[in-house]
Each structure stands twice: as C-alpha cells, then as structure tokens.
Amino acid sequence: MKINFEHNQSAHCENGVVSNLLNYNGLQVSEPMVFGIASGVFFIYIPFVKVNFAPMFSFRPVPGFIFSRVSKRLGFKIKRHKFKSKEKAQQVLDAELSKNNPVGLQVGVYNLTYFPDEYRFHFNAHNLVVYGKDGDNYLISDPVMQDVTTLSAKELEKVRFAKGPFAPNGHIYYPTELPNQIDLKKAITKGIKQAYRHMLAPVPVVGYRGIRYVAKRIRKWPDKIGVKKTNHYLGQLVRMQEEIGTGGGGFRFIFAAFLQEASVIMENPRLAELSEEMTAIGDQWRDFAIDASRLYKNRSRETDAYNKIADKLDAIGLAEKAFFLDLKKAIK
Amino acid sequence: MKKEEVPQDESSLSKANIKEVVYAVDKDGKYGKALSSGWEAKTIALNESLDLIEEQLQETIQKIKEGELSPIAFYMESQRMDVVVLSGYVGIWQWRVKRHLKAKIFKKLGEKTLKKYAEAFEISLEELKNPKI
C-alpha cells in the first residue's frame, strides 16, 4: 500500500512535515511560509539547562509549536494521538494508512538507521511522515533527507518509543477539517507580530537581549570557567545555529525567504527590503561561526580573541534589535 | 547567503551521501533551496563535541578500572545516554539509576534489575557484568 505522497526535502523537519502534509491535503504552503506564519525566528539562552555539558541555546521555538501555531492561524485542526501500548500505536498507524491518510510521527533520532553515526543523539523531537507500507516495511518521508526511505516495523516502533526528554510515546498527528479558503494575509500578519514581540521581549535571555547577554558572558567565560569550557560552550552555540535543520545562520535565511514571499502576498515592498536585511544578518551569524570555530581549532589563549568574538555577537544583537523594530513599523 | 557561496565541504553527511537543504539567494536576489554537502565551521564544532564525549568516556573507563564506577556508566556513556535518558529506558527512577552507577552498589544488584539494564543496552548479562574495556 502506497499513498501518492509528494516528498519535498526541507531544511527543518517540523516545517517540512507540516508543509508536505498540507500540500498533500491540497493546501500549497512553502516551508518558509510555514516557518514565518508560525513565528519560527527566535533566540533564547537557558544557562541552567545543560545539554551535553553546555548551556542551552535555541534559535527556534519549542518543538510542536510550529504545527500548532500554523493550524491556529490558517484555521485547520490537528488530530493527535499518544500511546502507552506499542501494539495500539501500530494499529492506529495502519488504520490511518489504509484510509489513504499520510501521517506525521514524532520520533527519536538515536535509532534512525539511515542517519550517519555522528548525528545519532538522544534527541526526541524529530518529525517524519509515513506514507505507506510494503510488507513489513513502512514507507518513510523524512523531510531532511533527499529521498524517501523505509523502516521495518520493529525499527519504527523503536524510534516512536524512544525514551528521555520529549519522549514521543508513539505520537502521531495529521491535519483534519481543512478550510476551503484561507486568509494568508491575516496569518502572515499574526506570524510577523509574534516574531517581533518575542525578539524584542523585555526578558534578558530572550530575543536580541538574549544575544547581547550571551556576548557579555563570552567576555567573562575565559576567566571564570577556563578556555576549554568556553570553547565547548561556543561550539554548542555554533552547532545549535548551523546544524542540519536550521537552513543556515540560525534559521535567519529561512525567515528572510519568508519575508520575500510575504512581500508579494501582502503587496508590501518594505518586506522585500527587510528580507535583504535579514539575509545580511544571517551572513553575520555565519561569520561569527567561522570565527568561533577558528578559536577552538587554534586553542587561542589570548582573552582579546574572546572580546573580539563577543563584539561580533553584540553587533548581531544590535542589528536584530534594529531589524525587528523596523519590521514592527513595516507591518502596521 | 548567495547560492554560489553555499559551502560544499566534506562532512559526516557527505560521507553518508547526504546533502542538506539551506536557503540562499540567486543572482536576481530571489530565495530558494540549495543543497550543501557540509561546512567546515560546523564540522569543527561537531567534532569538538564528539571529542569531549570520547574524553569523558575514557575517564569513566579509568574509574571503572579503579573500582569506583560500575559497567552501567560505561554502557550509558558509550550509547550517548545520560541518567535521564537511561532512566526512561530501564523504567527505574533517576536517583536509583545514579546509585547503580557506583561499583559497590552494582555488585549487590539482583538478576532482575541487571536484566533491565542489559535489555536497554541490547547486550547480554555477561557483557553487562564484564564489559570489554
């Protein structure tokens, strides 16, 4: 059994699943459009939550938010199931497939057999689509992969019932009740409004303030926690910013692509200009990543090097502040 | 980022024949998807993190040989788990898992508990008791 489902590779798994599922259901929405409507652009620094011995930095909202925000703003409903029983989880999946309904699944990355070893971490908020079954094999459309692939029933069960933070518990979801007409303009406005509200939020560790706060910490880290740990923290920041799924530059390029698309729909040329500005900011982030990687490659011990990189990050924070203030004006 | 600037460096992804999508602008400034085989800057960041995991594992192996930590610590770390993740897989409270990482406590564990760990790590009881380290 195979559903006629179109696989489109995307930068980020959640955007990709949402976009591909909506396309299947007759609603053509691109990945950047999904990302922008869901206010995907973000920054947060959480010093007290340690991931892999380093504080948490995130350039995106909590997993799951993208789909729920898009559904709210475009006016469709999502059906979600979670399971205690593995048998039940498979039964529901099979039942949906037999109704010709491709479904999204939340899975753990560690046991995904088609991922290279270096990428196998216990990260449980990955998303993919199942669009059919061939004997004992499920047909898988993983949005970050170029092509479709398969997983055996046993392999799929393992990733659906991965354990640890964000444990998926067999989480399966699909859109229902799609409206005949959607108000894209309204959805875009809402997405942009929430994006600048979050990026300009009066919270020290969120948005542009969060970026500047991290810059300040970088100046202190070498003395406070030592060069080795500082480099590890910077490595973590670069990985969160550039790793597979971000589309590059901490999601900033996807957001710029969204603004370009939105500019046409909204008939607002200012958004196209702002798209170019966001591209420049994305390039600044890339520049920062290069400098950071040089730092821990050369194991530089001069504190001045850390001040220089902190200057760069601070400049990004200020650029994002100016950008989101302009965006606020542009959407009024 | 311009399309012609999209990095095509060697990476663990390119070794597995995978390319990832990034967003970049073409000559006319129009956005679209582009494929990247990898980027040196982030490969360095990833390797730095993997080196740290390996370093940590070597320290743990040393501590097991010195009789301080139990083999559970070795299997946990070599499968990139931490106490929170392992606790989920074995269905044992985190504070108990933490205790089981100590060699002294590990020696007193019953067959039933050991079996849970062996299953979570997908190894035999024999391998759990005598890790090849």
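Here the residue index of a chain counts from 1 through its sequence in written order. Whichever chain is written first becomes A and whichever ligand is written first becomes 1, with later ones labelled in order. It should be noted that, the model being predicted, local features are given only for residues of pLDDT at least 70 and side-chain atom pairs only at 80 or more, the latter also being counted only at that level, while totals for whole chains, interfaces and linings use all residues. The basis for every side-chain value is the complete set of non-hydrogen atoms in the structure, without hydrogens or water.

What counts as a helix is a DSSP run of H or I of at least four residues, what counts as a strand is a run of E of at least two, and both are numbered from the N terminus. The helix and strand inventory of chain A stands at 11 helices and 8 strands. Atoms counted for the radius of gyration: C-alpha only. Globule rule: 2.2 Å times the number of residues to the power 0.38. In terms of overall size, chain A behaves like a compact globule, its C-alpha atoms giving a radius of gyration of 21 Å where 332 residues would be expected to give roughly 20 Å. With the C-alpha coordinates of chain A rotated into their principal frame, the extents come out at 60 × 45 × 30 Å. By the burial criterion, 59% of the 332 residues in chain A qualify as buried. For chain A, restricting intrachain contacts to residue pairs at least 6 apart in sequence, the fraction spanning at least 24 positions comes to 69%. Using a 1.4 Å probe, the Shrake-Rupley method yields the accessible areas, and only the shown protein chains count as cover for residues. As displayed, chain A offers around 13,800 Å² of accessible surface, 51% of which is attributable to carbon and sulfur atoms. For chain A, the distance from the average site of its 48 positive side-chain charges to the average site of its 33 negative ones is 9 Å. Three labels apply to residues, based on accessible area from a 1.4 Å probe with only protein chains included: buried if under 20% of the type maximum, exposed if over 50%, partly exposed otherwise in between. Should any heavy atoms of two residues lie within 4.5 Å, those residues are considered in contact. Working convention for charge: Lys and Arg count positive, Asp and Glu count negative, and His plus the chain ends are omitted. All charge positions are set by atom: Lys at NZ, Arg at CZ, Asp at CG, Glu at CD.

Scanning chain B from terminus to terminus reveals 8 helices and 2 strands. Each helix (α) and strand (β) of chain B, taken in turn from the N terminus, gives the series α-β-β-α-α-α-α-α-α-α. The C-alpha radius of gyration computed for chain B amounts to 22 Å, which surpasses the reference 14 Å derived for 133 residues by more than 25%, pointing to a less compact arrangement than a globule. Along the longest, intermediate and shortest principal axes, the C-alpha atoms of chain B span 70 × 30 × 25 Å. Counting over 133 residues, chain B shows a buried share of 51%. Long-range contacts, defined here as pairs at least 24 residues apart, represent 47% of the contacts in chain B between residues at least 6 apart. Of the accessible surface of chain B, which amounts to about 7,400 Å², a share of 48% is contributed by carbon and sulfur atoms. In chain B, 23 side chains carry a positive charge and 22 a negative one; their mean positions are 9 Å apart.

Time to look at unusual backbone geometry. All names here are of chain B. One non-glycine residue, Asn17, adopts positive backbone phi at about 65°. A relative accessible area of 69% means that Asn17 is categorised as exposed. A positive phi is found at Glu122, a non-glycine position, where the angle reads about 55°. Tracing the chain through its elements places Glu122 in the loop between α7 (111-121) and α8 (125-129). The exposure class assigned to Glu122 is exposed, which follows from its relative accessible area of 56%.

This part takes up the side chain of Lys42 of chain B. Within the secondary structure, Lys42 of chain B is located in helix α2 (residues 40-65). On the basis of relative accessibility, which here comes to 6%, the residue Lys42 of chain B falls in the buried class. Polar contacts here mean pairs of N or O atoms no more than 3.5 Å apart (in protein, one a potential hydrogen donor and the other a potential acceptor; neighbouring residues in sequence count only if both atoms are side-chain atoms). Polar side-chain contacts of Lys42 of chain B include one of 3.0 Å to the backbone oxygen of Glu242 of chain A. Non-local contacts of Lys42 of chain B, meaning those with residues more than four positions away in its chain, are made with Glu242, Glu243 and Ile244 of chain A together with Glu20 of chain B.

By convention here, the domain bounds are inherited from an automatic or database domain assignment. Along its sequence, chain B is carved into domain 1 (3-38) and domain 2 (42-129). A separation of 38 Å is found between the C-alpha centroids of domain 1 of chain B and domain 2 of chain B.

All names here are of chain A. By definition, two strands form a pair when at least two bridges between them are found by DSSP. Read from one edge of the open sheet, 6 strands run β3-β8-β4-β5-β6-β7, paired in antiparallel fashion. Of all strands in the sheet, those with a lone pairing partner are β3 (77-81) and β7 (149-152), marking the two edges. Sheet twist, expressed as the mean angle between neighbouring strand axes with direction ignored, is 40°. Both β3 and strand β8 (residues 172-176) contribute to a ladder of 5 bridges, which runs antiparallel. Of the residues in β8, the one forming a bridge with Ile78 is Pro175. Here the axes come from fitting lines to C-alpha atoms, over the contacting stretch only for helices, and the angles between their N-to-C directions go from 0 to 180 degrees. Contacting β4 (103-107), β5 (126-134), β6 (137-141) and β8, helix α1 (residues 13-24) runs over the sheet at an angle of about 45° to β5.

In terms of nonpolar packing, the biggest core is built from 90 residues, with Phe43, Val70, Ile218, Phe255 and Leu313 of chain A touching the most fellow members. Of all the elements, helix α11 (residues 303-331) of chain A adds the most residues to this core, at 11 residues. Residue types Ala, Val, Leu, Ile, Met, Phe, Trp, Tyr and Cys, when buried and joined through side-chain atoms within 4.5 Å, form a set referred to as a nonpolar core.

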